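Analysis of the macromolecular model
Each chain, written out:
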Amino acid sequence: MMWGDIVGQVQNGGVAQFFENYASSLELAESCVAQLGWSELSERFRLGFTDYIHVDGRDATLEEWCRHKASEQERYRQETRKILRESGGEKFAANPDEVDWFMMIFGARGDIKIQGWNYAHIDGFNGWFYSEATKAESSARICVFALSRRDELARIA
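Source: prediction; values computed, not measured.

1. Overview of the pattern of salt bridges
Tallying each qualifying case throughout the model produces 13 salt bridges. Among the salt bridges present, the one from Glu 86 reaches Lys 82, with a minimum N-O distance of 4.0 Å. In this pair, Glu 86 and Lys 82 both sit in helix 5 (residues 62-86), 4 residues apart, roughly one turn of the helix. Judged by its relative accessible area of 61%, Glu 86 is exposed. With a shortest N-O distance of 2.7 Å, Arg 141 and Glu 137 are connected by a salt bridge. Linking Arg 141 with Glu 137, this pair stays in helix 8 (residues 132-148), spanning 4 residues, or about one helical turn. Connected via shared salt-bridge partners are Glu 72, Arg 75 and Glu 79.

Rendered as structure tokens:
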């Protein structure tokens, strides 16, 4: 199932979207990728992971990154509430869903400084992952993985 999640997230928004949406499961995802025995995928996934998981431009542990990300999200929300109050939108500042919506808009407009990075490995992963050669290799690897573990995967309770 994790493989399907990786494939779907990468297709919809790239591997960065997968890292963002599955922050609490990234160690599991890395383990699943490693179990496929596909060294090129493992290396590209690791490089993308390292590209994405960092704090203030330095490599970080997943735990450090999660704390940093939560802190940044709170800073963005505080800046959004401040902009809303200063622009007469204080009625929106109390509703978390509306704050998050305005936060995305203010970030896109540049009203809030959102931390950005150069994701060279992530961009490379996205293009490589959907190449015809990778799709063919993926099918073969998943088939071998499933057949070698069919007793575990089809356990009837």
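We are not done yet, so read on.
2. Section: the environment of Asp 100
Here Asp 100 shows up in helix 6 (residues 96-109). Taking the C-alpha atoms as reference points, Asp 100 and Val 144, separated by 44 residues in sequence, lie 43 Å from one another.

3. Some thoughts on the side chain of Thr 134
Along the chain, Thr 134 turns up in helix 8. Of the residues examined, Thr 134 reaches a relative accessible area of 4% and is grouped as buried. Not counting chain neighbours up to four residues away, the residues in contact with Thr 134 comprise Trp 38, Trp 128 and Phe 129.

4. Digging into the nonpolar core
With 27 residues, the main nonpolar core has Ile 6, Phe 18, Phe 19, Leu 26, Leu 41, Phe 125 and Phe 129 as its most contacted residues. For this core, the elements supplying multiple residues, two or more each, are helix 1 (2-13), helix 2 (15-21), helix 3 (26-35), helix 4 (39-52), helix 5 and helix 7 (120-129). The contact partners of Ile 6, leaving out residues within four places of it in the chain, are Phe 18, Ala 29, Val 33 and Phe 129. One finds Ala 93, Met 103, Phe 106 and Ile 112 within the second-largest nonpolar core, a separate group that totals 7 residues.

5. Re the packing of aromatic side chains
On inspection of all chains with the given rule, the structure shows 16 aromatic pairs. On the basis of an interplanar angle of 40° and a centroid distance of 5.8 Å, the ring pair of Phe 19 and Tyr 52 is categorised as tilted. Remark: Tyr 52 occurs in helix 4 and Phe 19 occurs in helix 2; sequence separation between them is 33 residues. When its relative accessible area of 11% is taken as the criterion, Tyr 52 is described as buried. Ring centres 5.3 Å apart and planes at 85° place the aromatic pair Phe 129 and Tyr 130 in the edge-to-face group. A relative accessible area of 27% means that Tyr 130 is categorised as partly exposed. Following the ring pairs from residue to residue traces out a cluster consisting of Phe 18, Phe 19, Tyr 22, Trp 38, Phe 45, Phe 49, Tyr 52, Trp 65, Phe 125, Trp 128, Phe 129 and Tyr 130.

6. What about the packing of helix 1 against helix 7?
One way to put it is that helix 1 packs onto helix 7 with a least axis distance of 11 Å and a crossing angle of 105°. Here helix 1 is positioned roughly perpendicular relative to helix 7, judged by the angle of their axes. Of helix 7, the residues touching helix 1 (which contributes Trp 3, Ile 6, Val 7 and Val 10) are Phe 125, Asn 126 and Phe 129. Considering only residue class, the contact of helix 1 with helix 7 consists of 6 nonpolar, 1 polar and no charged.

7. Let's talk about the environment of Ile 6
Examined against the element boundaries, Ile 6 turns out to sit in helix 1. Residue Ile 6 is classed as buried on the basis of its relative accessible area, which comes to 1%. Ile 6 sits 40 residues away from Arg 46 along the chain, and the two C-alpha atoms are 14 Å apart.

Calculation notes
- Residues numbered from 1 in each chain as written.
- Predicted model: local features only at pLDDT ≥ 70, side-chain atom pairs only at ≥ 80, totals over all residues.
- Heavy atoms only, no water.
- Salt bridge = Lys/Arg side-chain N within 4 Å of Asp/Glu carboxyl O.
- Helix = DSSP H or I, 4+ residues; strand = E, 2+ residues; numbered from the N terminus.
- Buried < 20%, exposed > 50% of the residue type's maximum accessible area, 1.4 Å probe, protein only.
- Contact = heavy atoms within 4.5 Å.
- Core = buried A, V, L, I, M, F, W, Y, C linked by side-chain atoms within 4.5 Å.
- Phe/Tyr/Trp six-rings, centres within 6.5 Å; stacked < 30°, edge-to-face > 60°.
- Axes fitted to C-alpha atoms, helices over the stretch in contact; angles between N-to-C directions.
- Parallel < 35°, antiparallel > 145°, perpendicular 65-115°, else oblique.
- Nonpolar A, V, L, I, M, F, W, Y, C, P; charged D, E, K, R; others polar.

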